[in-house]
Amino acid sequence: MKKYSDPDFRKYLAFDIETAKDVPGTDFNWRAYRPLGISCAAALPFDAHQPTVWHGKDPDGTPARKMSNDEVRNLVKHLVKWASDGYTILTWNGLGFDFDVLVEESGAFEECKELAMNHVDMMFHVFCDRGFPVALDKAAQGLQIPGKPAGMSGVLAPQLWAQGRHQEVIDYVAQDVRIALEVAQTCEKRRSFQWMTRRGSISSMDLSRGWLTVKEALRLPEPDTSWMDDPIPRRQFTRWMANP
């Protein structure tokens, strides 16, 4: 693992949220069901042993159904503080999901837009380079690092939270930031990103420049997607920025 004294070292802080509303189906067409609310969130700095976890609290201190607007705004303030302290915020699909939801739940449009543009969204980098997204668990499989708990997913998390199984969801979001941080560091060390394809083979992508921020990834030339039936446009990930 790189040392802080190395000139190319990046002080990553992995971040992830879990939403509160149960969305039917498995394709997670979440925009049709918004606002989703946030049940909990986690952030893991590269130099911490345990993630920082947030969740809403009822008057008696027990976990609330979702975080209040003030609680989410406080979360955003923490992210802004970390960024100002030199940490690079790191997500997997944070541009098209986490920060979109954060804006709606906090009202902190300018702060979230600034954070989103300057953070590293690994999935978005892959998408801009290849033209298709890759799941975090497929990245973990391709890199042979521990992945998500068996039988658990972001779609299932709201159901468990509503059932009062709060610790299971907190453990899940904490594991997600651990996976994201390990994927980022492993790939930058190898200068290559690997993932498990749908066919069960390993594919790879050059990372000689390291992970790109969203702002940098948007400058990449559009890949050839003529072979796809229904390619995803980049604007699907960024359109929330045009609507404060």
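In the block above lies the structure referred to throughout.
Calculation rules
Numbering of residues starts from 1 in every chain and runs along the sequence as written. Reporting of local features is limited, given that this is a predicted model, to residues whose pLDDT is at least 70; pairs of side-chain atoms are given and counted only at 80 or more, and all residues count toward the totals for whole chains, interfaces and linings. The basis for every side-chain value is the complete set of heavy atoms in the structure, and neither hydrogens nor water enter the calculation. For Phe, Tyr and Trp, where Trp contributes only its six-membered ring, two rings pair if their centres lie within 6.5 Å, and the inter-plane angle classes them as stacked under 30 degrees, edge-to-face over 60, or tilted in between. A helix here means a DSSP run of H or I that spans at least four residues, while a strand means a run of E at least two residues long, and both kinds are numbered starting from the N terminus. Relative accessibility decides the category of a residue: with a 1.4 Å probe and only protein chains considered, values under 20% of the type maximum give buried, values over 50% give exposed, and everything between is partly exposed. Here, a charge over a ring is recorded when the distance from Lys NZ or Arg CZ to the ring centre is within 6 Å and its angle to the ring normal is within 35 degrees. Any residue with an atom within 4 Å of a point lines the site, the site being either a cavity, points on a 1 Å grid over the protein atoms alone where a 1.4 Å probe fits but cannot get out, or a pocket, an open set with protein on both sides within 12 Å along at least 5 of 7 lines. Grid points are joined across faces, edges and corners, and a volume is the space filled by probe spheres set on the points. For this classification, Asp, Glu, Lys and Arg are treated as charged, while Ala, Val, Leu, Ile, Met, Phe, Trp, Tyr, Cys and Pro are nonpolar and the rest, including Gly, are polar. In this analysis, the expected span of each helix is defined as 1.5 Å times one less than the number of residues it contains. The directions considered for the arc are those from the helix axis to the C-beta atoms. Contacts between residues were defined by any pair of non-hydrogen atoms, one from each residue, lying within 4.5 Å. Only buried Ala, Val, Leu, Ile, Met, Phe, Trp, Tyr and Cys residues count toward a nonpolar core, and they belong to the same one when joined by side-chain atoms within 4.5 Å. Convention adopted: a line fitted to C-alpha atoms gives each axis, helices being fitted over their contacting stretch, and angles between N-to-C directions are expressed from 0 to 180 degrees. Roughly parallel means an angle under 35 degrees; roughly antiparallel means over 145; roughly perpendicular covers 65 to 115; every other angle is labelled oblique. A crossing counts as left-handed when the near helix is turned anticlockwise from the far one by less than a right angle, and as right-handed when that turn is clockwise. To count as a disulfide, a pair of cysteine sulfur atoms needs to be within 2.5 Å.

*Asks:* I'd love a proper account of the packing of aromatic side chains, names of residues and values included.
*Replies:* This model, assessed by the stated rule, comprises 13 aromatic pairs. Pairing Trp30 with Phe97 gives two aromatic rings, centres 5.1 Å apart and planes at 85 degrees, and the pair type is edge-to-face. Taken together, the positions of Trp30 in the loop between strand E1 (12-19) and strand E2 (38-45) and Phe97 in helix H2 (residues 94-106) put the pair 67 residues apart, joining distant regions of the chain. On the basis of relative accessibility, which here comes to 6%, the residue Trp30 falls in the buried class. Directly above the ring of Tyr87 sits Lys11, whose terminal nitrogen or CZ lies 4.7 Å from the centroid.

*Asks:* Let's hear about the layout of surface pockets: which residues, and what values?
*Replies:* Space inside the largest pocket adds up to approximately 1600 Å³. If you list the elements that add at least two residues to the lining of the largest pocket, you get E1, H2, helix H5 (136-143), helix H7 (166-190), strand E6 (192-196) and helix H9 (235-238). The dominant element in the lining of the largest pocket, judged by the number of residues it contributes, is E1, at 5 residues. The class makeup of the residues in the lining of the largest pocket is 25 nonpolar, 11 polar and 12 charged.

*Asks:* How would you summarise helix H1 (residues 69-84) if you had to cite specific residues and measurements?
*Replies:* Counted at 1.5 Å a residue, the expected span for H1 with its 16 residues is 22 Å, and the 23 Å between its end C-alpha atoms agrees. Where H1 is concerned, the buried positions are Val72, Leu75, Val76, Leu79 and Trp82. Angularly, the buried residues of H1 cover 120 degrees about the axis, an arc narrow enough to put them on a single face. Looking at H1, the residues exposed on the side facing more than 90 degrees away from the buried face are Asp70, Lys77 and Ser84. If you follow the buried residues of H1, they end up packed against E1, E2, strand E3 (52-55), strand E4 (88-91), H2 and helix H3 (109-118). After H1 finishes, the residue Gly86 shows a positive phi value of roughly 100 degrees.

*Asks:* So, the nonpolar core: which residues are in play, and what are the values?
*Replies:* When a protein is soluble and globular, its nonpolar side chains tend to lie buried together. With 76 residues, the main nonpolar core has Phe15, Leu79, Leu102, Val183, Phe193 and Trp211 as its most contacted residues. Not counting residues within four places of it along the chain, the set of residues in contact with Leu79 comprises Leu13, Phe15, Ile89, Phe99, Leu102 and Leu115.

*Asks:* Kindly report on the packing of H5 against H7, identifying the contributing residues and their values.
*Replies:* It is the contact of H5 with H7, at a shortest axis distance of 10 Å, that shows an interaxial angle of 50 degrees. In terms of their interaxial angle, H5 and H7 are classed as oblique. Crossing geometry of H5 relative to H7 is assigned as left-handed. Facing H5, whose interface residues are Leu136, Ala139, Ala140 and Leu143, H7 presents Asp176, Ile179, Ala180, Val183, Thr186, Cys187 and Arg190. Of the residues in the contact of H5 with H7, the class split is 8 nonpolar, 1 polar and 2 charged.

*Asks:* A description of the state of the cysteines should follow, citing residues and the corresponding values.
*Replies:* Taken as a whole, this structure holds 0 disulfides when the rule is applied. No disulfide involves Cys112; its sulfur sits 17 Å from the nearest other cysteine sulfur, which is in Cys40. Classification of Cys112 by relative accessible area gives buried; the value is 0%. Summary of cysteine pairing: Cys187 is not part of a disulfide, and the nearest cysteine sulfur, belonging to Cys128, is at 16 Å.

*Asks:* Break down H3 for me, with residues and values.
*Replies:* Of all the positions in H3, only Phe109, Cys112, Leu115, Ala116 and Met117 are classed as buried. If you follow the buried residues of H3, they end up packed against H1, E4, H2 and helix H8 (214-217).

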